Structures are given as structure tokens and as C-alpha cells.
Amino acid sequence: MQKLIVKGKKFLSGSISISGSKNATLPILAASLLCKKVKITNIPLVKDVFTMIELLSSIGLNIKINKNENSLKISNFKRRLNTIAPYNLVKTMRAGVLVLGPLLAKFKKAKVSLPGGCAIGSRPVDLHLFALKKMGAKIKIKNGYIHASAKNGLIGANINFPKISVGATENAIIAAAHAKGKTTLWNCSIEPEVQDLIFFLNNLGCNIRLKKRNIVIVGMFEPKSISYEIMFDRIEAGTYLIASALAGKKISILKVKPSVIDTEIKILKKMGVKNTRKKNKIIIHKSNKINKTNIVTAPYPGFPTDLQAQMMVLMTKAQGISKIKENIFENRFMHVPELKRMGAKIKIKNNTAFIEGPCKLSGAEVMATDLRASVSLVLAGLIAENKTVINRIYHLDRGYENLEKKLRKCKAVIQRL
Ligand code: UD1
């Protein structure tokens, strides 16, 4: 099994180019089930994207990847596709469940494995099924699979989500794009990745409008052949902004749209992290003092749960007690025991973590059980004394493209064994 070794206490400088968004690529790839011919550019070459490509290929899409260009071409001229998404692919990547909506809308039936639990919580799919049922789907759960059918095709409906969910909103949008008539979704996720999916579908020829937290989709369209560029990965950008605040002399974060990560930039500024915003880049300068702060994770435009673990590392450097309240997932403090082993002073009470700073971190052998927790340990390694060894790094490979290469370019001492 591979591990990362990080030698801490090195000042970083240079620039980091942000890759395309993993969380925008996955639903857009699922929506390609509705296309005939499409080229997608700025694809991050990460494990989850390859798993989605494998899933779509097993369903019957013809996909050609150009790794040098970070792009892929999809053609889909078959009249019939395999409408099954098997357990071995969906279990490793929950976003596999996003093929349920398009398969059901297009082929009137689908059998998709239930994703099961994962390290950060139970992660049910009831909201996905709730939306599809409102559009006329009949759904049974049998032998670990969702069996869905809609004899006469899906029909536009009014759907008011009882809770905001990124995946359920995306599944419903893609399904509604191929349903008969108009669908109105209330209480939707409006994460930038959901908006990227909407831009993609509108470019294909759909008619989708977003207003506050409502989305109106007029179903059925003749798909055009298009080329679409995926948005930047705002979580990767946030991760490197925090890395720069922790260990940077002067680092430029390139290929971003700062307005999309306004919440994160404002919080960093409040913590005393000096930054300059330009059109497509953010420059982080060395800060002498980090101020304590309190954050609460929330759906966009709130602070993203996917940056909570990384922010916690920065809080170990702040003066005083900072607080993080995790409101999205019930079990997302798995990185805390590992950070404590490195010397962090953190207490947890219910869904709130109290981080006492400033404190010195020292290198240790650590491991994490999810993607963002793993990267938080890499960030901790950058500022810790001596060597930090991060095990189980397959989690990192699910979502960070060229992590070591990007950090090494900024003079970090990091090595994969
Ligand atoms: C997406 C992101 C993930 C991010 C999360 C929250 C992708 C591929 N993944 O995951 O990185 O951490 O949004 O921003 O885009 N829930 C239900 N029933 C459902 C669905 C969700 O109760 O049917 C709950 C979940 O347990 C969780 C909350 O709703 O507590 C939010 O989950 P959701 O927004 O659906 O996350 P994902 O789409 O899985």
C-alpha cells in the first residue's frame, strides 16, 4: 500500500494551477447518458472520475480519454444500453447513483446498486428516490439494489425537497431534463457544481432556469453535439489556499474564479491571511498572526463541509479557541484523533470541535478514512516538526490530481512510497 512522506517546516513559494472540479465532472458525465456526441474538457484525472467512466462504459457509452489534454469524447448512438449499475462500482463511489435518473428517464427502467454507508456517515439516497417517485417512478429495493421503472416514462412534477441535497438535486435535474413536461424543484442545492451541470445541460439544448433555491426544468430536448469545459475545483482551490496560509511565503493559486469561493476567502481574511484577488488567481502572502474564528458548515453559499478538516489545521495555528460546527454529515471528525496524535489540542462536543491554538505539531505516522480528512493530514505534515507519514493515500487519489507534483513545484518536500 502506498504512503506519503512529508517533511515539515519548509516555506512554500511559487504557483499552483487548480484542476477541473471532480464534483462537477461526475454529474456531467452521468448526464452524458442523455447526449449523442459530446467533448468534455478540463477533466481532473482522479480515481472517482475513472470509476464513473468505467461505470458509463459498462452501461454502453463509447468514451475516449485524452490524458494529455485532460479531455474526453463520448459518443452514444446505441438504441439500447445496459441499465444496470453494479455494486462493485457504486460502492467505491457514491456518485454512481447519479446514473439512476438519466437511465430511468431515457430507458424507463434502471437497476442501480444502493451505495451503502461510508466513513463520514450513513449517506442515504431517500431524497433521490423521493424526487423520482414524484415524477412517476415505481421503486423497489431488493437484494441491495434500487429497481426503478416508469412504464410511460417520467413526467414533470412539483418537487419540494424536505432537506437540501447536492446529489438528489442533480439526479432530479438530469431526470427532469428527459421527462415529459415541466418540473419545478424547491429547496435545491445551488452549489457551483449543480450550476455547472445546469450550464452543461442548457448548452446541450435543455431549458433549465435557476432562481434562488428553485429550479425549473422544461423536459425533452434534441441533444446538440457540444464541447464543454468543466469549472475549476473549488475544494482543491480552498485546500491550497489553506496550505498557502499555513506554510507559504508567497503563493499564487491559478485558474480559479475568486467570486465562487468568496465565503472561504472572506473567512481567511478575517483570520488575518493576507491575499490579493485577481481575475483568475488569488495570491496568498505570508501572515504573521492567525486569528481564531468560528465556522459552521452549510450548503452553498455557506462554508463547505469538504473544507472543514483542512480549516481545522489552520485553526491549530490561530491565537485562542476556534470552533467548527459540522452541520452536513454526522461523523465528519475522523481526522481529529490523528491531528491530536500530532499534538493538536482539539475537543469535540456533539457536532462541534473546539480547537485551541497556537500549538506546535510534530510529525507522526497517521492515516485517514476519507478524502478530505487525508488531505488535512498532508497540510498538518507541511507545518509539523520532522517527518509525517500518511497511510491509506488511495483516498487522496480519489479527488486530488497530482497532489505531490503541485506541492513539490512550490518546494514542499513530499514523497510517495
Ligand atoms: C456531495 C459532494 C460531497 C459533499 C456533499 C455536501 C459530490 C460527488 N459529492 O455529496 O463532496 O461533501 O455534497 O456538500 O458532489 N442526505 C439524505 N438523503 C439523501 C441524500 C442526502 O438524508 O437522499 C443527507 C446526507 O446524509 C447528508 C446531507 O443530506 O447529511 C447532504 O448530502 P448530499 O448533499 O446529498 O451529499 P452528496 O451529494 O452525497
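Described below are features of the structure shown in this document. The residue numbering used here restarts from 1 in each chain and proceeds along that chain's sequence as written. In keeping with the predicted nature of the model, local features appear solely for residues at pLDDT of at least 70, side-chain atom pairs appear and are counted solely at 80 or more, and the whole-chain, interface and lining totals rest on all residues. To get the side-chain values, all heavy atoms of the structure are used, and hydrogens and water are removed first.

### Concerning the environment of G101
Strands here are runs of E lasting at least two residues and helices are runs of H or I lasting at least four, both read from the DSSP assignment and numbered beginning at the N terminus. Looking at the secondary structure, you find G101 in helix 4 (residues 100-107). Exposure is judged per residue with a 1.4 Å probe applied to protein chains only, and the accessible area is read against the type maximum: over 50% gives exposed, under 20% gives buried, and values in between give partly exposed. Taking the relative accessible area as the measure of exposure, G101 reaches 0% and is therefore buried. The spatial distance from the C-alpha of G101 to the C-alpha of I173 is 8.3 Å, given a sequence separation of 72 residues. The contact rule is simple, with two residues in contact once any of their heavy atoms fall within 4.5 Å. With sequence-adjacent residues up to four places away left out, G101 is seen in contact with L132, L154, N171 and A175.

### Thoughts on the state of the cysteines
Two cysteine sulfur atoms make up a disulfide if the distance between them is within 2.5 Å. Applying the stated criterion to the full structure yields zero disulfides. Of all cysteine sulfurs, the one in C35 lies closest to C206, which takes part in no disulfide; the gap is 8.8 Å.

### Observations regarding helix 8 (residues 234-247)
Spanning 14 residues, helix 8 covers 20 Å between terminal C-alpha atoms, matching the ideal 20 Å at 1.5 Å per step. Where burial is concerned, most of helix 8 is hidden: 14 out of the 14 residues are buried. Looking at where helix 8 begins, the residue whose side-chain oxygen comes 3.0 Å from the main-chain nitrogen of I235 is D233. A helix is expected to span 1.5 Å multiplied by its residue count minus one. Polar contact is the term for a pair of N or O atoms within 3.5 Å; when the atoms are in protein, one must be able to donate a hydrogen and the other to accept it, and sequence-neighboring residues count only if both atoms are side-chain atoms.

### What to know about the sheet that holds strand 13 (residues 214-218)
One bridge is not enough; two strands pair if DSSP finds at least two bridges between them. Strand order in the open sheet formed by four strands is 10-11-13-12, and the pairing between neighbours is mixed. Of all the strands in the sheet, just strand 10 (158-160) and strand 12 (207-211) have a single pairing partner and so form its edges. For this sheet, the mean angle separating the axes of adjacent strands, direction not counted, is 10°. Strand direction decides the pairing type here: strand 12 and strand 13, joined by five bridges, are antiparallel. Note that in strand 13 the partner of N207 across the bridge is V218. The axes used here are C-alpha line fits, helices contributing only the stretch in contact, and every angle between their N-to-C directions lies in the interval 0 to 180 degrees. Seen against the sheet, helix 6 (residues 166-177) touches strand 11 (182-186), strand 12 and strand 13 and runs at an angle of roughly 25° to strand 13.

### A word on the pairing of strand 3 (residues 37-41)
For strand 3 and strand 5 (residues 71-75), the ladder comprises four bridges, and the chain directions are antiparallel. Bridge pairing links I40 to L72 in strand 5. Alignment of strand 3 against strand 14 (residues 226-229), held across four bridges, turns out to be parallel. Looking at the pairing, V38 lines up with I226 of strand 14.

### Details of a positive patch on the surface
Without a salt bridge and with relative accessible area above 30%, a residue can belong to a patch; like charges are then joined within 9 Å and nonpolar side chains (Val, Leu, Ile, Met, Phe, Trp, Tyr) within 5 Å. In these tables, accessible area is a Shrake-Rupley quantity obtained with a 1.4 Å probe, and a residue counts as shielded only by the protein chains included in the view. A carboxyl oxygen of Asp or Glu within 4 Å of a side-chain nitrogen of Lys or Arg is what we treat as a salt bridge. Counting rule applied: Lys, Arg positive; Asp, Glu negative; His and chain ends not counted. By convention, the charge on Lys lies at NZ, on Arg at CZ, on Asp at CG and on Glu at CD. Judged by side-chain charge, K182, R209, K211 and K212 come together as a positively charged surface patch. Its place among the elements puts K211 in strand 12.

### Examining the site of the ligand
Around the ligand, a shell composed of 16 residues is seen, among which D126, L127, S165, D306 and I328 lie nearest. Take P124: an N or O atom from its main chain is 3.2 Å from an oxygen atom of the ligand. A distance of 2.6 Å separates an oxygen atom of the ligand from a polar atom in the backbone of I328. In the complex, the protein chains occlude 86% of the 740 Å² of accessible area that the ligand would expose alone. Secondary-structure elements contributing two or more residues to the shell around the ligand are helix 5 (126-134) and helix 6. Examining the composition of the shell around the ligand, we find that three residues originate from one element, helix 5, more than from any other. Nearness is judged by heavy atoms alone; a residue qualifies as near a molecule or strand once a single heavy atom is within 4 Å of it.

### Considering the side chain of E326
Looking at the element boundaries, E326 is found in the loop between strand 20 (318-325) and helix 11 (336-341). No salt bridge is formed by the buried E326. Its closest oppositely charged neighbour is R332, at 5.4 Å. Reaching out from E326, the side chain makes a polar contact with the side chain of Q308 at a distance of 3.0 Å. A polar contact is formed between the side chain of E326 and the backbone nitrogen of F329, at a distance of 3.0 Å. Not counting the four nearest positions on each side in its chain, E326 is found in contact with T297, T305, Q308, R332, F333 and N351.

### Details of unusual backbone geometry
Y300 connects to P301 through a cis peptide bond whose omega is 10°. When you line up the elements, P301 lands in the loop between strand 19 (294-296) and helix 10 (308-315). Cis peptide bonds are those with omega within 30 degrees of zero, and the linkage from G357 to P358 qualifies with -5°. Relative to the assigned elements, P358 resides in the loop between strand 22 (352-357) and strand 23 (365-367). Located in the positive-phi region is N143, a residue other than glycine, with phi close to 50°. Residue classification places N143 among the exposed residues on the basis of a relative accessible area of 72%. Within the chain, N187 stands out as a residue other than glycine whose phi angle is a positive 55°. Within the secondary structure layout, N187 lies in the loop between strand 11 and helix 7 (192-204). By relative accessible area, which is 24% here, N187 ends up partly exposed.

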